[in-house]
Amino acid sequence: MKLAFLFLLLIAAAEAVTLFVDPLGGIVVFGLILLFALLIPALKNDYFASRLILSLSLVPMVRIVSLSMPLENVPRIWWFPIMYAPLFLAALVVAYMLGLRLKETGFNLHCPFINLLVGISGIGLGFVEYFILRPESMVAELTWQAALVPALILLFTTGMVEEYIFRGVLQQTAVELYGKRGIVYVSLIFAVLHMGFLSVVDIIFVLGAGLYFGWVVYKTSSLTGVILAHGATNIVLFIVAPLIF
């Protein structure tokens, strides 16, 4: 537990360095965390702890990729597929190393009605988060021609890839080691990575959403509902709500 808590503190410290000191310094700190996450499993004689630490290597990868890609001249919506494609491949590799098949990480159709309701709940979550952050819209007008491709991009990147990383791979190993407390641990990491919005209220909101998503996956053994909910949240947050309000 001490080692996992140390990783949480290091991730929070790296995020703080990125935001308040220098992004390059943040990349360096995240790089060191990634190095530790890859080395410790080779040195530590603890099966379940080693699996958790290896899965934690995905967290610094997320931030290193997002901070280091030169995307200033690329339209914002295209940042997502450019960044998330290599992250999805990295998550697949880590899952393979952990012996986790896609069905075991939640790519299945268990509990379809419950997961449909969970997916719909993401619409409400999106409106709540909009009133916290009030971001600009990613599209110029609210028409299906303008919004369809950006919405699909958000669904398959922030929805599918992030949920696969956090609730599919990382939560799987955290629950193996800590039981239900693993859901809280992963949710805390998920919330810390939203420090960039500079809103304490949003961090609390994301923590609550992470606990909700984690509990759903724990109960249903499926990512379907949370992928839909996470995607719907960001579609409302970045496309729909800004143009309505």
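Preceding this paragraph is the structure being described.
Reading the values: the criteria
- Residues numbered from 1 in each chain as written.
- Predicted model: local features only at pLDDT ≥ 70, side-chain atom pairs only at ≥ 80, totals over all residues.
- Heavy atoms only, no water.
- Helix = DSSP H or I, 4+ residues; strand = E, 2+ residues; numbered from the N terminus.
- Rg over C-alpha atoms; globule rule 2.2 N^0.38 Å.
- Buried < 20%, exposed > 50% of the residue type's maximum accessible area, 1.4 Å probe, protein only.
- Phe/Tyr/Trp six-rings, centres within 6.5 Å; stacked < 30°, edge-to-face > 60°.
- Expected span 1.5 Å × (residues − 1).
- Contact = heavy atoms within 4.5 Å.
- Core = buried A, V, L, I, M, F, W, Y, C linked by side-chain atoms within 4.5 Å.
- Polar contact = N/O pair within 3.5 Å; in protein donor to acceptor, adjacent residues only side chain to side chain.
- Bend = angle between axes of the 7 residues up to and from the residue.
- Salt bridge = Lys/Arg side-chain N within 4 Å of Asp/Glu carboxyl O.

Helix and strand counts for the protein come out as 10 helices and 0 strands. Along the protein, helices (α) and strands (β) appear in the sequence α-α-α-α-α-α-α-α-α-α when read from the amino end. Computed over its C-alpha atoms, the radius of gyration of the protein comes to 17 Å, within 12% of the 18 Å expected for a compact globule of 245 residues. Considering only C-alpha atoms, the protein reaches an extent of 55 × 45 × 30 Å along its principal axes. Taken over 245 residues, the protein has a buried fraction of 50%.

On to the packing of aromatic side chains. This model, assessed by the stated rule, comprises 11 aromatic pairs. Summarising the aromatic geometry, the rings of Phe107 and Tyr164 are spaced 5.3 Å apart at their centres and angled 50 degrees between planes, so their arrangement reads as tilted. Note that Phe107 is positioned in the loop between helix H5 (76-98) and helix H6 (112-133) and Tyr164 in helix H7 (residues 144-178), a separation of 57 residues in sequence. A residue is classified by how much of its surface remains accessible, and Tyr164, at 1% relative accessible area, is buried. On the basis of an interplanar angle of 70 degrees and a centroid distance of 5.4 Å, the ring pair of Tyr130 and Phe131 is categorised as edge-to-face. Look at Tyr130 and you get buried, because its relative accessible area is 5%.

Let us look at helix H8 (residues 181-192). Think of an α-helix as 3.6 residues a turn; residues three or four steps apart then line up on the same face. Look at H8: 17 Å from first C-alpha to last across 12 residues, which is about the 16 Å you get at 1.5 Å a residue. Of all 12 residues that make up H8, 9 are buried, and the element is covered over most of its length. Residues of H8 that are buried: Gly182, Ile183, Tyr185, Val186, Ser187, Ile189, Phe190, Ala191 and Val192. The elements touched by buried residues of H8 are helix H1 (2-20), helix H3 (47-56), helix H4 (58-68), H7, helix H9 (200-220) and helix H10 (224-244).

Once that is clear, we can look at the nonpolar core. With 75 residues, the main nonpolar core has Leu56, Phe166 and Ile189 as its most contacted residues. No other element matches the 14 residues that H7 contributes to this core. Those residues in contact with Ile189 that sit more than four places away from it in its chain are Leu8, Ile11, Leu56, Val59, Phe166 and Leu170.

We now examine the side chain of Ser57. Structurally, the position occupied by Ser57 is in the loop between H3 and H4. Among the polar contacts listed, one links the side chain of Ser57 to the backbone oxygen of Leu54, at a separation of 2.5 Å. Residues within four places of Ser57 in sequence aside, it is in contact with Leu34, Ala37, Leu38 and Val94.

Time to look at the environment of Phe20. Mapping Phe20 onto the fold places it in helix H1. Under the relative-accessibility criterion, Phe20 is labelled exposed at 59%.

Here H7 spans only 44 Å end to end across 35 residues, well under the 51 Å set by a 1.5 Å rise per residue. The sharpest bend along H7 measures roughly 45 degrees and falls at Gln171. A positive backbone phi angle near 70 degrees is found at Gly179, which sits one or two residues after H7.

Another aspect to go through is the pattern of salt bridges. The final tally for this structure, using the stated rule, is 4 salt bridges. Note that Arg63 and Glu15 form a salt bridge whose closest N and O atoms lie 2.9 Å from each other. Linking Arg63 in helix H4 with Glu15 in helix H1, this pair joins segments that are 48 residues apart in sequence. Glu163 is paired through a salt bridge with Arg167; the nearest N and O atoms lie 2.8 Å apart. Taken together, the residues span about one helical turn, with Glu163 and Arg167 both in helix H7 at a distance of 4 residues. Take Arg167: its relative accessible area is 2%, and that puts it in the buried class.

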